[in-house]
Amino acid sequence: MCGVVGYVGDRQAVPILVDGLRRLEYRGYDSAGVAIEGPTSARVVRARGKLAALEERLQTSPAPGTVGIGHTRWATHGKPSDENAHPHTAGGVSVVHNGIIENHLALRERLEAQGRTFESETDTEILAHLVDIEVQAGRDLATAVRAALTQVEGAYALACIAKDQPGVVVAAKLASPMVVGLGEGEQFLASDIPALLAHTREVIFMEDGELAVLTRQGVTLQTLAGELVERPPKTVPWTVQEAEKGGYEHFMLKEIHEQPRAVTDTLAGRFSLERAAVFLDEVTITPDQARAIRRIYVLACGTSWHAGLIGRLLIERFARIPTEVDLAHEFRYRDPIVDEETLVLGISQSGETADTLASLKEAKRRGARVVSIVNVMDASIARMSDDVVYTHAGIEIGVASTKAFTAQLAALALLALHLGRQLGHLDEAATRTQLKSLAVLPGLMQSVIEATDPQTLDLAKKYLKAKNFLFLGRGMNFPIALEGALKLKEISYVHAEGYAAGEMKHGPIALIDEHMPVVVVATQGSHYDKIMGNLQEAKARDGRIIAIGTEGDDRIADIADDVILLPDVDNAYQPLLTVLPLQLFAYHMARLLGTDVDQPRNLAKSVTVE
Ligand code: F6R
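My aim in this report is to walk through the structure given alongside it, one point at a time.

Cut-offs used in this document
- Residues numbered from 1 in each chain as written.
- Predicted model: local features only at pLDDT ≥ 70, side-chain atom pairs only at ≥ 80, totals over all residues.
- Heavy atoms only, no water.
- Helix = DSSP H or I, 4+ residues; strand = E, 2+ residues; numbered from the N terminus.
- Rg over C-alpha atoms; globule rule 2.2 N^0.38 Å.
- Buried < 20%, exposed > 50% of the residue type's maximum accessible area, 1.4 Å probe, protein only.
- Contact = heavy atoms within 4.5 Å.
- Areas by Shrake-Rupley, 256 points an atom, 1.4 Å probe, with all protein chains shown as cover.
- Lys, Arg positive; Asp, Glu negative; His and termini not counted.
- Charge placed at Lys NZ, Arg CZ, Asp CG, Glu CD.
- Pairing = 2+ DSSP bridges.
- Axes fitted to C-alpha atoms, helices over the stretch in contact; angles between N-to-C directions.
- Expected span 1.5 Å × (residues − 1).
- Salt bridge = Lys/Arg side-chain N within 4 Å of Asp/Glu carboxyl O.
- Near = heavy atom within 4 Å.
- Polar contact = N/O pair within 3.5 Å; in protein donor to acceptor, adjacent residues only side chain to side chain.
- 1 Å grid on protein atoms, 1.4 Å probe; cavity = no way out; pocket = protein on both sides within 12 Å on 5 of 7 lines; lining within 4 Å.
- Sits in = over half its atoms within 2 Å of the grid points.
- Points joined across faces, edges and corners; volume = space filled by probe spheres on them.
- Nonpolar A, V, L, I, M, F, W, Y, C, P; charged D, E, K, R; others polar.
- Phe/Tyr/Trp six-rings, centres within 6.5 Å; stacked < 30°, edge-to-face > 60°.
- Lys NZ or Arg CZ within 6 Å of the ring centre and 35° of its normal.
- Parallel < 35°, antiparallel > 145°, perpendicular 65-115°, else oblique.
- Left-handed = near helix turned anticlockwise from the far one by under 90°.

Further remarks concern the overall build of the chain. Check the secondary structure of the chain and you find 18 helices and 27 strands. For the chain, the C-alpha radius of gyration of 25 Å lies close to 25 Å, the compact-globule estimate for 610 residues. Its C-alpha atoms give the chain principal-axis dimensions of about 80 × 55 × 45 Å. For the chain, the residues scored as buried account for 61% of the 610 residues in total. In the chain, the share of contacts with a sequence separation of at least 24, taken over all contacts with a separation of at least 6, comes to 72%. Accessible area for the chain stands at about 22500 Å²; split by element, carbon and sulfur atoms hold 50% of it. Both charge centroids of the chain, one from 61 positive and one from 80 negative side chains, sit 1 Å from each other.

The next subject is the sheet that holds strand E15 (residues 234-235). Backbone hydrogen bonds hold the strands of a sheet together, and the pairing may be parallel or antiparallel. Across the sheet, eight strands lie side by side as E3-E2-E4-E1-E10-E9-E11-E15; this open sheet has antiparallel pairing. In this open sheet, the two strands that pair with only one neighbour each are strand E3 (42-48) and E15. Running at roughly 140 degrees to E3, helix H2 (residues 51-60) makes contact with strand E2 (31-37), E3 and strand E4 (67-73) of the sheet.

Next up on the list: helix H11 (residues 354-365). Residue pairs three or four apart in sequence face the same way in an α-helix, which turns once every 3.6 residues. Its 12 residues give H11 an end-to-end C-alpha distance of 16 Å, which sits within 8% of 16 Å, the value for a rise of 1.5 Å per residue. Counting buried positions over the 12 residues of H11 gives nine, a clear majority of the element. Within H11, the full set of buried residues consists of Ala354, Asp355, Thr356, Leu357, Ala358, Ser359, Leu360, Glu362 and Ala363. Downstream of H11 by a residue or two, glycine 367 has a phi angle that is positive, lying close to 105 degrees.

Turning next to the pattern of salt bridges. For side chains bearing opposite charge, pairing can occur when the charged atoms are close. This model, assessed by the stated rule, comprises 37 salt bridges. Between arginine 23 and glutamate 244 there is a salt bridge, with the nearest N and O atoms lying 3.4 Å from each other. You can see arginine 23 sitting in helix H1 (residues 13-23) and its partner glutamate 244 sitting in the loop between E15 and helix H6 (251-257), a full 221 residues away along the chain. The exposure class of glutamate 244 is partly exposed, given its relative accessible area of 33%. Linked by salt bridges that have partners in common, Asp335, Glu362, Arg365 and Arg366 make up one network.

What follows is about the sheet that holds strand E6 (residues 93-101). The sheet built from seven strands is open, its strands ordered E5-E6-E7-E8-E12-E13-E14 with antiparallel pairing. Each edge of the open sheet carries a strand with a single partner, namely strand E5 (88-90) and strand E14 (228-229). Sheet topology note: the strand E13 (residues 218-223)/E14 ladder contains two bridges and is antiparallel. Bridging across to E14, glutamine 222 finds its partner in leucine 228.

Near the ligand you find 13 residues, and of these Ser304, Ser348, Ser350, Thr353 and Glu490 are the closest. Serine 350 is positioned with one of its side-chain polar atoms (N or O) 2.6 Å from an oxygen atom of the ligand. In the model, an oxygen atom of the ligand is placed 2.4 Å from a nitrogen or oxygen of the threonine 353 side chain. Here the ligand has 410 Å² of accessible area as a free molecule, and 91% of this is covered by the chains. According to the grid-proximity analysis, the pocket containing the ligand is the largest pocket.

Here six bridges tie strand E12 (residues 210-215) to E13, and the two strands are oriented antiparallel to one another. Of the residues in E13, the one forming a bridge with leucine 214 is valine 219. Between E12 and E13, which pair antiparallel and follow one another directly, the connecting turn spans two residues. Counted between consecutive antiparallel strands, the loop separating E13 from E14 contains four residues, among which glycine 226 sits at a positive phi close to 95 degrees.

On to empty space enclosed by the protein. Within this structure, the stated rule accounts for five cavities of 30 Å³ or more. Approximately 210 Å³ is the volume found for the largest cavity. For the largest cavity, the lining is made up of 26 residues, of which Ser191, Asp192, Ser350, Glu352 and Val376 are closest to its centre. Split by residue class, the lining of the largest cavity holds 13 nonpolar, five polar and eight charged. Here the second largest cavity is characterised by a volume of approximately 100 Å³. In terms of residue class, the lining of the second largest cavity is made up of five nonpolar, eight polar and one charged.

So, on to the layout of surface pockets. Approximately 640 Å³ is the volume found for the largest pocket. If you trace the largest pocket, you find 33 residues lining it, with Cys301, Gly302, Thr303, Ala604 and Val607 closest to the centre. Mapped onto the lining of the largest pocket, the elements with two or more residues apiece are helix H9 (302-318), strand E20 (342-348), H11 and helix H15 (478-492).

Okay, the packing of aromatic side chains next. As enumerated under the stated definition, the model contains five aromatic pairs in all. A ring pair is formed by tyrosine 297 and phenylalanine 331, whose centres lie 5.2 Å apart and whose planes are at 70 degrees; its orientation type is edge-to-face. In this pair, tyrosine 297 is assigned in strand E18 (residues 295-300) and phenylalanine 331 in helix H10 (residues 328-331), connecting sequence segments 34 residues apart. Considered together, tyrosine 297 and phenylalanine 331 belong to a single accessibility category, that of buried residues. Feature note: the residues Tyr463, Phe469, Phe471 and Phe585 constitute an aromatic cluster, connected by ring pairs. Over the ring of phenylalanine 118 we find arginine 108, and its NZ or CZ is 4.5 Å from the ring centre.

With 20 residues, helix H18 (residues 574-593) extends 29 Å from end C-alpha to end C-alpha; this agrees with the ideal 28 Å at 1.5 Å per step. Of all 20 residues making up H18, 17 are buried, and the element is well covered by its neighbours. Residue glycine 594 follows H18 closely and has a positive phi angle near 80 degrees.

The next point concerns the environment of leucine 426. Structurally, leucine 426 can be placed in the loop between helix H13 (403-422) and helix H14 (428-463). Note on leucine 426: relative accessible area 9%, which makes it buried. Along the chain, leucine 426 and glutamate 450 lie 24 residues apart, while their C-alpha atoms are 34 Å from each other. If we ignore the near neighbours within four places in the chain, the residues touching leucine 426 are Phe318, Leu417, Gly420, Arg421 and Thr431.

Next up on the list: the packing of helix H3 (residues 104-113) against helix H4 (residues 124-136). Running from N to C, H3 and H4 point in directions that differ by 50 degrees, and their axes come no closer than 10 Å. Put simply, H3 runs oblique to H4. Note on packing geometry: the crossing formed by H3 with H4 is left-handed. Touching His104, Leu107, Arg108, Arg110 and Leu111 of H3 are Ile126, His129, Leu130 and Ile133, all from H4. A class-by-class count of the residues in the contact of H3 with H4 yields five nonpolar, two polar and two charged.

Here it is in structure tokens:
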């Protein structure tokens, strides 16, 4: 969702802001703009479409200056257009904003009654007017922003400049992310870390209800009430190289190939084979507290929810705690039964997904302990959780989540084994067996990626004209069927549905004919015979079958049109292998169809509004 950047220093602001916006492109956007402080007023340049359109406009109307703010907009209030693109200006004040002002209609009516006129349909323009009124009343910019925000309900990460107050950028945050980057004689602002990495790794993560005042000399933090806040900066572990494509055509392909490393790093230092022990020191649940857990709720959205569905099976198998998985946006509005005996597990790559964050807060309010699995350091979900297990997947930039997903599965396996050990459901020998299976996974993932990259390219060429796909799986591989279908639809725009294979007879089988390719995850394990039955049923109805099976299976090739064989591993860890060819298949389909693989239409990497 919208990206915000800001700069104050001695260098020209436009190249820094546009480069920052480019590094936030993965968040999703449909228009972009900058406001640069000029000698008499801010120079605002905006354009509908991609950053190239803004850059073209900046060629014909340059905006010189060393202080500015920028924005990529993902439309919520008002369609994508030049007028609705940020920054929005009122009087001498320019504002960029990520979030939603919920009482915008009432505020707009009030401001119109006061004689203020609006040029856009956005809720953000209201903020510009509110701040301008305060600045015109003689307040400094920080005081003006604070006064304006007391009138506002909703979520925001905003940045603001004012012509009468040169050399200052003021930022504020509530529920949407914002990071300040510290430099020498220059300061930076961004919605996310990748936009800062080319300049600094010293950052301050803004907290809800805080303002940051950026000048060449430094940054001060204050609360909405104006009290100063002291918080030392942190050094982020990511490098600017991680935010580059590193020779790959797309970030998504690079991230698919990084998965063995992402899983290795997520497991690293967290278990010992010799001692048959899991070390999840960040989870501070004592054995007594673990025994008191009556139920676990896993809450997440999208791909992270698919990880949660697998997490449930892992937790139930190893820790024997009843576990439910819910979409965060469903959970938060349905009066859930949650109390002190409930453990709530949030899963999020970005750590900023608005629904996941809100659902976890709601669960906490009702007394639950909140553990989260998060990829982005210090993200809002990590900060509000009682315990955080970080996945060490590194920056994920492709909008379609890949390496964060397999890293989440690795973290979930560790957590399930940890609880299982604490509760006495796993003895030393059983724990060691599981840890051995986990330890060899990165190597197996590497070989699967190498083998299936060319195989899935051939499959994509063969099935390129298909308009619909079905994905089927059972048990651990049912969520993988959902994930395979999601990957395909989100980046290639080809319609795909994922089903639990046992559900076929209850409806979806009616769809199957010679035009419907069916991707079946039919690896060895407890569900093998059952899924082979489903495969036969699809074949009998002329479905074209692409099967993901296990090496050594010589039955499957007799039924399926195309087969990809993977190494045999315990059911619990199969998803870390079976998802790989499905990610690659979606990637190759999208690439051959010519879609925007890393930034698919209408999608945002961090869904920071409801
Ligand atoms: C799909 C995808 C999304 C995210 C979802 C949750 O490829 O990336 O479905 O998984 O928006 O995002 P996080 O994990 O950041 O909470």
